[in-house]
Amino acid sequence: MKVCLPPGTRVTPVREPIRMDVEANPTTRNGDKHMKATDKYVGLDVHQDTTVIAVADGGRVGEVRSYGTIPSDLQALGKVLGKLGAEGARLHVVYEAGPTGFVIYRRLKQMGIDCIVVAPSKTPQPKGVRLKTDRRDALQLARLHRAGELTGINVPDEVDESVRDLTRARADAVHDLTRAKQRLKAFLLRQGYRYPGKANWSEAHQRYLRKLTLPLPALRSVLEEQLLAIEQVTERVKRLDELIEVQVPQWRYYPAVQAVMCLRGFQLNAATVIVAELGDVRRFAHPKNVMAFLGLVPKEETTGNTRRLGSITKAGNAQARWCLIEAVQKALTPPKVSARLSLRQQGQPAVYKELAWKIQVRLHKRGWHLLQRGVMKAKVNVALARELAGFIWDLLRQVPAPEA
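I will try to describe carefully the structure that is included in this document. In this text the structure is predicted, and so the values were computed from the model without any measurement.

1. Some thoughts on the overall build of the protein
Turning to step 1, where the next piece is worked out: A tally of helices and strands in the protein yields 13 helices and 7 strands.
Turning to step 2, where the next piece is worked out: For 404 residues, the compact-globule formula gives about 22 Å, and the C-alpha radius of gyration of the protein, at 29 Å, lies well above that figure.
Turning to step 3, where the next piece is worked out: Based on the C-alpha atoms only, the size of the protein along its principal axes is roughly 115 × 60 × 45 Å.
Turning to step 4, where the next piece is worked out: For the protein, buried positions account for 37% of its 404 residues.
Turning to step 5, where the next piece is worked out: Sequence-distant contacts in the protein: of pairs separated by 6 or more residues, those separated by 24 or more amount to 61%.
Turning to step 6, where the next piece is worked out: One way to put it: in the protein the 65 positive side-chain charges average out to a point 9 Å from where the 40 negative ones average out.

Here it is, written out as structure tokens:
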């Protein structure tokens, strides 16, 4: 029956009520609209001896299944991936970074297979689940990779990784030397021997150790073994220093190392550590990203109107974070371009020198301001290291990008 309404009356269309018994389609990211049914997302849970494989078919309702366990061998992995992509399927492989390194990533890139490596700390974990197995981990990686919830880390090439391993080997040697010296001092303290001088491990201190005469033969043997261990580790540190001096100038990032050496507190070893650990800083859109990558930002717990800030996260790269904190130890001293620093700055662009002086002035002013507010010296060093990370980001972005 036709209903006549007065002129000017607006008619609102009646909408159907939402049915709660019908399952709604989950929303996806914009990138998922390009997902094809022929895509397969492969999750690998890699261990030393075995690798567990899970496969998620493309599409929103694609099957997620466990494929099996294979030996941790590149040839076996290549055969399995060849079977999965035999019918024209496009593979997307993901695995977590771990002690096995990036060998799988580089091999898959050579085979033309898309692959990313994710950090275990960045992988979303469901709350309340108390079951954790290799099979479940592989299934979760495949499912999250299909959903686009995983972000790959920066994988260095083989040469960059070799330089980074060289700097880490030197850091390990320095740590061993420190431990060996601590053991010797603890041994002598138990026997009642205390060095009366001021500077430990100076030439006078070493002469004092050589002149010590312990009463028992066993104690004299322990002393000689401790001194021999210190001598051996000292020689190892010297050899690694010589290797760094020879190999780093041939590295493609050596111009970036020279730019960092323009800053006070950064000689060749420290500058190489910073550049090797950071890699290409152009992947960081903002200096805050570098600070978070180094774990120098404070923890935050915000709920409603309550905001709590805690200590620094200490996430990410511990080696570079330690190097930055050591570099700002002299920031409270008056700014100065010493003879050694002037020698390192020779032949470098003027913009590097100007920025290096600006950094000295800024950190000196900021450090004394925090101390006058009553902030602890250790917290001041961390705050200065955080600002120094932002300055280094700015400095390295001005260095021409090296060729691949």
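The rest of the description comes next.
2. Section: the pattern of salt bridges
Turning to step 1, where the next piece is worked out: Taken as a whole and judged by the stated rule, the model has 15 salt bridges.
Turning to step 2, where the next piece is worked out: One salt bridge connects Glu161 with Arg106, and the closest N-O pair in it is separated by 2.6 Å. Separated by 55 residues along the polypeptide, Glu161 in helix H4 (residues 158-190) and Arg106 in helix H2 (residues 103-110) bring together distant segments of the chain.

3. Comments concerning H2
Turning to step 1, where the next piece is worked out: Along H2, the positions that sit buried rather than exposed are Ile104, Tyr105, Arg106 and Leu108.
Turning to step 2, where the next piece is worked out: Where H2 is buried, its residues touch strand E1 (39-46), helix H1 (74-84), strand E4 (90-96), strand E5 (114-118) and H4.
Turning to step 3, where the next piece is worked out: Positive phi appears at Gly112, one or two residues downstream of H2, with a value of about 80°.

4. Quick word on the packing of H4 against helix H8 (residues 268-278)
Turning to step 1, where the next piece is worked out: Where H4 meets H8, the closest approach of the two axes is 9 Å, and the angle between their N-to-C directions is 130°. When the axes of H4 and H8 are compared, the pair comes out oblique. The chirality of how H4 crosses H8 is left-handed. Between H4, through Val163, Arg164, Thr167, Arg168 and Arg170, and H8, the contact on the second element is made entirely by Asn269, Thr272, Val273, Ala276 and Glu277.
Turning to step 2, where the next piece is worked out: For the contact of H4 with H8, the residue count by class is 3 nonpolar, 3 polar and 4 charged.

5. A look at H4
Turning to step 1, where the next piece is worked out: Spanning 33 residues, H4 covers 48 Å between terminal C-alpha atoms, matching the ideal 48 Å at 1.5 Å per step.
Turning to step 2, where the next piece is worked out: Tucked into the core, H4 has its buried residues touching H2, helix H5 (203-211), helix H6 (217-247) and H8.

6. What to know about the layout of surface pockets
Turning to step 1, where the next piece is worked out: By volume, the largest pocket amounts to about 1300 Å³.
Turning to step 2, where the next piece is worked out: Along its surface, the largest pocket is lined by 41 residues, and Ala119, Ile153, Asn154, Arg283 and Phe293 are the ones closest to its centre.
Turning to step 3, where the next piece is worked out: Per-element accounting of the lining of the largest pocket gives the leading share, 5 residues, to H4.
Turning to step 4, where the next piece is worked out: Tallied by class, the residues present in the lining of the largest pocket amount to 19 nonpolar, 10 polar and 12 charged.
Turning to step 5, where the next piece is worked out: Looking at the second largest pocket, it is lined by 37 residues, and the ones nearest its centre are Gly265, Phe266, Gln267, Glu326 and Ala327.
Turning to step 6, where the next piece is worked out: Counting residues per element, the ones that place at least two in the lining of the second largest pocket are H4, H8, helix H10 (318-327), helix H11 (339-344) and helix H12 (350-372).
Turning to step 7, where the next piece is worked out: Top contributing element to the lining of the second largest pocket by residue count: H4, with 6 residues.
Turning to step 8, where the next piece is worked out: For the lining of the second largest pocket, the residue count by class is 18 nonpolar, 12 polar and 7 charged.

7. Re the sheet that holds E1
Turning to step 1, where the next piece is worked out: One open sheet holds the 5 strands; their spatial order is E3-E2-E1-E4-E5, and the pairing between them is mixed. The open sheet has two edge strands, strand E3 (64-71) and E5, and neither has a second partner. When strand polarity is set aside, the average angle formed by the axes of neighbouring strands in this sheet is 20°.
Turning to step 2, where the next piece is worked out: Relative to E3, strand E2 (residues 50-57) is paired through 7 bridges, and the arrangement is antiparallel. Within E3, the residue paired with Ala56 across the bridge is Val64.
Turning to step 3, where the next piece is worked out: In this fold H1 packs onto E1, E2, E3 and E4, with an angle of close to 150° to the strand it touches most, E3.

About the criteria used
- Residues numbered from 1 in each chain as written.
- Predicted model: local features only at pLDDT ≥ 70, side-chain atom pairs only at ≥ 80, totals over all residues.
- Heavy atoms only, no water.
- Helix = DSSP H or I, 4+ residues; strand = E, 2+ residues; numbered from the N terminus.
- Rg over C-alpha atoms; globule rule 2.2 N^0.38 Å.
- Buried < 20%, exposed > 50% of the residue type's maximum accessible area, 1.4 Å probe, protein only.
- Contact = heavy atoms within 4.5 Å.
- Lys, Arg positive; Asp, Glu negative; His and termini not counted.
- Charge placed at Lys NZ, Arg CZ, Asp CG, Glu CD.
- Salt bridge = Lys/Arg side-chain N within 4 Å of Asp/Glu carboxyl O.
- Axes fitted to C-alpha atoms, helices over the stretch in contact; angles between N-to-C directions.
- Parallel < 35°, antiparallel > 145°, perpendicular 65-115°, else oblique.
- Left-handed = near helix turned anticlockwise from the far one by under 90°.
- Nonpolar A, V, L, I, M, F, W, Y, C, P; charged D, E, K, R; others polar.
- Expected span 1.5 Å × (residues − 1).
- 1 Å grid on protein atoms, 1.4 Å probe; cavity = no way out; pocket = protein on both sides within 12 Å on 5 of 7 lines; lining within 4 Å.
- Points joined across faces, edges and corners; volume = space filled by probe spheres on them.
- Pairing = 2+ DSSP bridges.

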